[in-house]
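Coordinate analysis (summary)
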Amino acid sequence: MEETLDVLIRRGRLDDEPHIREFTKHTFRFGDYVGDAFAGWLESGCDVWIAEAGGIPVGVVCVDYPAPREAWFQGMRVHPDYRRRGIATMLTETCIKGARERGAHVARAIIDSDNYRSIGLVTSLGFRQVAEIIEFDVYPELLIPYGKKDEPDYQPHYELDCGRYLTSGLAVTRLNPSDAPEAWSLAKNDVRYIGTCYGQWISLSPDTLQRKAAEGYIIVARTESREIVAGALLDDWYEDHDNERGRPELEQEMTSFFGSVRGIRALLHHAAAVLYAEASKRGGIPCRLRPSVEKQSPALEKIRQIAMVENARREASPAKRQGLPVIETGDVMLLWEYPLGKK
Ligand SMILES: CC(C)(COP(=O)(O)OP(=O)(O)OC[C@H]1O[C@@H](n2cnc3c(N)ncnc32)[C@H](O)[C@@H]1OP(=O)(O)O)[C@@H](O)C(=O)NCCC(=O)NCCS
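Report follows, based on the coordinates. All of these numbers come straight from a predicted model, not from anything done at the bench.

Reading guide: rules and limits
- Residues numbered from 1 in each chain as written.
- Predicted model: local features only at pLDDT ≥ 70, side-chain atom pairs only at ≥ 80, totals over all residues.
- Helix = DSSP H or I, 4+ residues; strand = E, 2+ residues; numbered from the N terminus.
- Buried ≥ 20, exposed ≤ 12 C-beta atoms within 10 Å, placed from the backbone.
- Contact = placed C-beta atoms within 7 Å.
- Near = placed C-beta within 6 Å.
- Pairing = 2+ DSSP bridges.
- Axes fitted to C-alpha atoms, helices over the stretch in contact; angles between N-to-C directions.
- Right-handed = clockwise from strand over helix to strand, strands pointing away.
- Expected span 1.5 Å × (residues − 1).
- Left-handed = near helix turned anticlockwise from the far one by under 90°.
- Nonpolar A, V, L, I, M, F, W, Y, C, P; charged D, E, K, R; others polar.
- Arc of directions from axis to C-beta.

**Here we look at the overall build of the protein**
Regarding its fold elements, the protein presents nine helices and 14 strands. Within the span of the protein, comprising 343 residues, buried residues form 40% of the whole. For the protein, restricting intrachain contacts to residue pairs at least 6 apart in sequence, the fraction spanning at least 24 positions comes to 67%.

Here you go:
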């Protein structure tokens, strides 16, 4: 019979960090980000909870509050030797209690669709799956520039906010917060959550859209008469050193697409061009744009159409390496919600 385990749940402290690093270093095949993130969580005022057994940290989780009344649970980890003994359950229950005390009405978490342990955990606690997020991989060096300068699709603009009209006849710029109501009237048809797969998701509302625009994360495609025809959230780029390909790569997430196929295509081309230019500046480091779309969103079909067109174009082009898809479907992430009451 397994001995009973005395577990204490308490707030995190800076001196927990070496223990967290040690027991999380092999969480996934390529390591873990939690050891690096831990000090930042403490500094930024998140709720950081530790499970301690025999005086030593064996579990950790962080709760952030990315929008009023919305809690975000992230970085749940339990020491491999202490799993399946109810520690993550205790930590989650503490997160729920703490989030209620801070006035949140809903808690959310995102989980890889193949993480059966974590899915088992949230299901057993009564979380509800609210979205399936389909990720895509876009390889900018295959997507842009399309060809030679005299070819009709050549896109020489490598800066966001260049304010110039691309060959699609659309200009791509960051959304001015004062134009958020116009974007909202389009976005509300296609988007329910706004955020990133490696960050956090919040509910889309006129306020949250405006807030993300003020932070500079919303880009839009406009016609010459300045009408907004599409938009998306474009996150900061980051250098990923722990990936399956075993070489550093410049990556950038793009999510929450709304609007027309033509507009979304212009946004993808433009973001790919800017990312490619940055990767070239860094000595030609490989780069990958990572768009993702909610399965329920009409934008999913639009991205699939764009992928078909782009892949067919590349196949037909003698200048490009054939057999490599420009845009391919990647992982699936699941967004979960736990209602905390008081709507
Ligand atoms: C996911 C994780 C945090 C669970 O921690 P834990 O302390 O073992 O979880 P608990 O003992 O509280 O388990 C609660 C429930 O989750 C489910 N669960 C946990 N581990 C499971 C497993 N290996 N297989 C199936 N279900 C599992 C079960 O429903 C379990 O209830 P039960 O034991 O009564 O059947 C832990 O496995 C872990 O650290 N995994 C690696 C990191 C990770 O994937 N984090 C989540 C990222 S989103």
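There's plenty left to go through after this.
**Focus: the site of the ligand**
Lining the immediate surroundings of the ligand are 19 residues, of which R83, A88, T89, G120 and L121 lie closest. Breaking the shell around the ligand down by element, the ones donating at least two residues are β4 (70–78), α3 (87–101) and α4 (116–125). Examining the composition of the shell around the ligand, we find that six residues originate from one element, α4, more than from any other.

**Some thoughts on the sheet that holds strand β5 (residues 106–112)**
With mixed pairing, twelve strands are arranged side by side in an open sheet as β1-β2-β3-β4-β5-β14-β6-β13-β12-β11-β10-β7. In this open sheet, the two edge strands, each paired with only one partner strand, are β1 (7–11) and β7 (171–174). Strand-to-strand twist in this sheet, taken as the mean axis angle between neighbours without regard to direction, amounts to 30°. Alignment of strand β11 (residues 228–240) against strand β12 (residues 249–259), held across eight bridges, turns out to be antiparallel. Within the sheet, the bridge partner assigned to E239 lies in β12 and is L250. Across the sheet, α3 is in contact with β1, β2 (47–53), β3 (56–67), β4, β5 and β14 (327–339); its angle to β3 comes to roughly 35°.

**Comments concerning the pairing of β14**
Sheet topology note: the β5/β14 ladder contains seven bridges and is antiparallel. Following the sheet pairing, I111 is matched in β14 by L334. In terms of strand pairing, strand β6 (residues 128–138) meets β14 through nine bridges, oriented antiparallel. Bridge pairing in β14 places D137 opposite E328.

**Observations concerning the pairing of β5**
Within β5, five of the seven residues are buried, leaving the element largely enclosed by the surrounding structure. Taken together, the three bridges between β4 and β5 define a ladder with parallel strand orientation. Residue pairing for β5: W72 is matched across the bridge by R108. The handedness of the β4 to β5 crossover, carried by α3, is right-handed.

**Some remarks on α3**
For α3, spanning 15 residues, the distance from its first C-alpha to its last is 21 Å, which sits close to the expected 21 Å at 1.5 Å a residue. Every buried residue belonging to α3 is among I87, A88, L91, T92, C95, I96 and A99, and all of these are buried. Positioned one or two residues after α3, G103 has a phi angle of 85°, which is positive.

**Examining the packing of helix α8 (residues 261–281) against helix α9 (residues 299–316)**
Where α8 contacts α9, the two axes come as close as 10 Å, and the packing angle between them is 65°. Between α8 and α9 lies a crossing of right-handed hand. Here V261, I264, R265 and L268 of α8 lie close against α9, whose contacting residues are A299, K302, I303, Q305 and I306. Residues of the contact of α8 with α9, tallied by class, amount to six nonpolar, one polar and two charged.

**Regarding the environment of Q129**
Tracing the backbone shows Q129 in strand β6. Exposure remark for Q129: the 14 C-beta atoms within 10 Å place this residue in the partly exposed category. Counting along the chain gives 207 residues from Q129 to W336, while the straight-line C-alpha distance between them is 4.3 Å.

**Some remarks on the environment of F257**
Here F257 lies in strand β12. For the pair F257 and A232, spaced 25 residues apart in sequence, the C-alpha separation works out to 4.3 Å. Not counting the four nearest positions on each side in its chain, F257 is found in contact with D190, A232, I264, V293, A299 and I303.

**Re the environment of A67**
By secondary structure assignment, the location of A67 is in strand β3. Given 19 C-beta atoms within 10 Å, A67 falls into the partly exposed group. Taking the C-alpha atoms as reference points, A67 and W201, 134 residues apart in sequence, are found 9.3 Å from one another. Setting aside residues no more than four positions away along its own chain, A67 makes contact with I202 and T208.

**Brief notes about unusual backbone geometry**
Its identity as a non-glycine residue notwithstanding, R84 has a phi of 65°, on the positive side. Relative to the helices and strands, R84 is located in the loop between β4 and α3.

**A few points about helix α7 (residues 206–214)**
Regarding α7, the residues found buried are T208, L209, K212 and A213. Angular distribution of buried residues about the axis of α7 spans 140°; they occupy a single face of the element. Contacts from the buried residues of α7 go to β3, α6 (180–190), β8 (193–195), β9 (201–203), β10 (218–222) and β11. Following α7 by one or two positions, G216 has its phi on the positive side, about 90°.

The quantities given are spatial measurements derived from coordinates; they are silent on function.
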